[in-house]
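Chains, contacts and geometry: an overview
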Amino acid sequence: MRGQEPRSSSSCAACKFLKRRCTQNCLFAPYFRSEEPKKFAKVHKVFGASNVTKILNEVPEEQRQDTVNSLVYEAEARLSDPVYGCIGAIASLQGKMVQLQHDLAIARARLARYATKPSPVLVLDDHLNMVPFTNLPAVCDGLDENLNQNSLRFEHGGSIHGFSQVQFP
């Protein structure tokens, strides 16, 4: 078999769980090693040993490891969410994907809208907000007075927009 390591004398996890003697041609041994007893226990609880045997016999040998990994994932999902199992995880991820696609469409639409508009000259108002140049007279009303008050507070140890933590040389 492809990807198999030589087995030690101990039984595989499946044979230990089923309390039977592990033979040299055991179907479970390459996929349920003795170091991972919980792996087979989960699969057995959900699918049953007989069904796992049937599934593995129907699958080509080169795809059996992937099949076992899938069975383990589905069993873990079913045990953690008995109602929806792995379908619940898939539905959740699909919902997130739809939301992200919606957000991406909005971002692209905004980007296209801003790309078609001529860019106005922007200035900062006294609260460090960007405002279009067309609103400059409204912003400048009282700006000198605010700057003078802020300068006085700064000279007397006050803070301007949280800059009181900055050490000046």
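Residues numbered from 1 in each chain as written. Predicted model: local features only at pLDDT ≥ 70, side-chain atom pairs only at ≥ 80, totals over all residues. Heavy atoms only, no water.

Going by what an unreviewed UniProt entry lists, the protein is known as LOB domain-containing protein and is assigned to Escallonia herrerae. UniProt, in the comment section headed Sequence similarities (unreviewed entry), describes the protein in these words: "Belongs to the LOB domain-containing protein family." (UniProt positions renumbered as here; feature names shortened; annotations may be inferred.)

This brings us to the environment of serine 34. Of note, serine 34 is situated in the loop between α1 (13-18) and α2 (37-47). When the C-alpha positions of serine 34 and alanine 13 are compared, they lie 4.3 Å apart, and in sequence the two are 21 residues distant. Apart from the residues lying within four places of it in its own chain, the contact partners of serine 34 are Ser10, Ser11, Cys12, Ala13 and Lys16. Only 3.3 Å separates the side chain of serine 34 from the side chain of glutamate 35, close enough to count as a polar contact. (Helix = DSSP H or I, 4+ residues; strand = E, 2+ residues; numbered from the N terminus. Contact = heavy atoms within 4.5 Å. Polar contact = N/O pair within 3.5 Å; in protein donor to acceptor, adjacent residues only side chain to side chain.)

What follows is about the environment of proline 82. By the element assignment, proline 82 lies in the loop between α4 (64-80) and α5 (86-116). Exposure remark for proline 82: the relative accessible area of 58% places this residue in the exposed category. A C-alpha to C-alpha distance of 10.0 Å links proline 82 and valine 46, two positions 36 residues apart in sequence. (Buried < 20%, exposed > 50% of the residue type's maximum accessible area, 1.4 Å probe, protein only.)

Our next topic: α4. Every α-helical turn comprises 3.6 residues, leaving residues that sit three or four positions apart pointing alike. Between its terminal C-alpha atoms α4 stretches 24 Å, which fits the 24 Å expected from 17 residues at 1.5 Å a residue. Of the positions making up α4, those classed as buried are Arg64, Thr67, Val68, Leu71, Val72, Ala75 and Ala77. In this structure, the buried residues of α4 make contact with α2, α3 (49-58) and α5. (Expected span 1.5 Å × (residues − 1).)

What follows covers the packing of α3 against α4. In the contact formed by α3 and α4, the axes pass within 9 Å of each other and the chain directions differ by 145°. Between α3 and α4 the crossing geometry is right-handed. On the side of α3, the interface is formed by Val52, Ile55, Leu56 and Asn57, while α4 contributes Arg64, Thr67, Val68 and Leu71. (Axes fitted to C-alpha atoms, helices over the stretch in contact; angles between N-to-C directions. Left-handed = near helix turned anticlockwise from the far one by under 90°.)

A general trend in soluble globular proteins is that nonpolar side chains are found buried together. Counting 20 residues, the largest nonpolar core has Cys12, Cys26, Phe28, Phe32, Phe40, Val43 and Leu56 as the members making the most contacts within it. Listed by contribution, the elements that provide at least two residues to this core are α1, α2, α3 and α4. In terms of residues, this core owes the most to one element, α4, which gives four residues. Among residues more than four places away in sequence, those in contact with cysteine 12 are Cys22, Cys26, Phe28, Ala29, Phe32 and Ser34. (Core = buried A, V, L, I, M, F, W, Y, C linked by side-chain atoms within 4.5 Å.)

Bringing the pattern of salt bridges into the picture now. On inspection of all chains with the given rule, the structure shows two salt bridges. For lysine 39, the salt bridge is made with glutamate 36, and the minimal N-O distance between the two is 3.6 Å. Residue lysine 42 pairs with glutamate 76 through a salt bridge whose shortest N-O separation is 3.3 Å. One end of the pair, lysine 42, is in helix α2; the other, glutamate 76, is in helix α4, with 34 residues separating them in the sequence. Given a relative accessible area of 29%, lysine 42 falls into the partly exposed group. By relative accessible area, which is 36% here, glutamate 76 ends up partly exposed. (Salt bridge = Lys/Arg side-chain N within 4 Å of Asp/Glu carboxyl O.)

Within the chain, lysine 19 stands out as a residue other than glycine whose phi angle is a positive 55°. Summarising the element assignment, lysine 19 is placed in the loop between α1 and α2.

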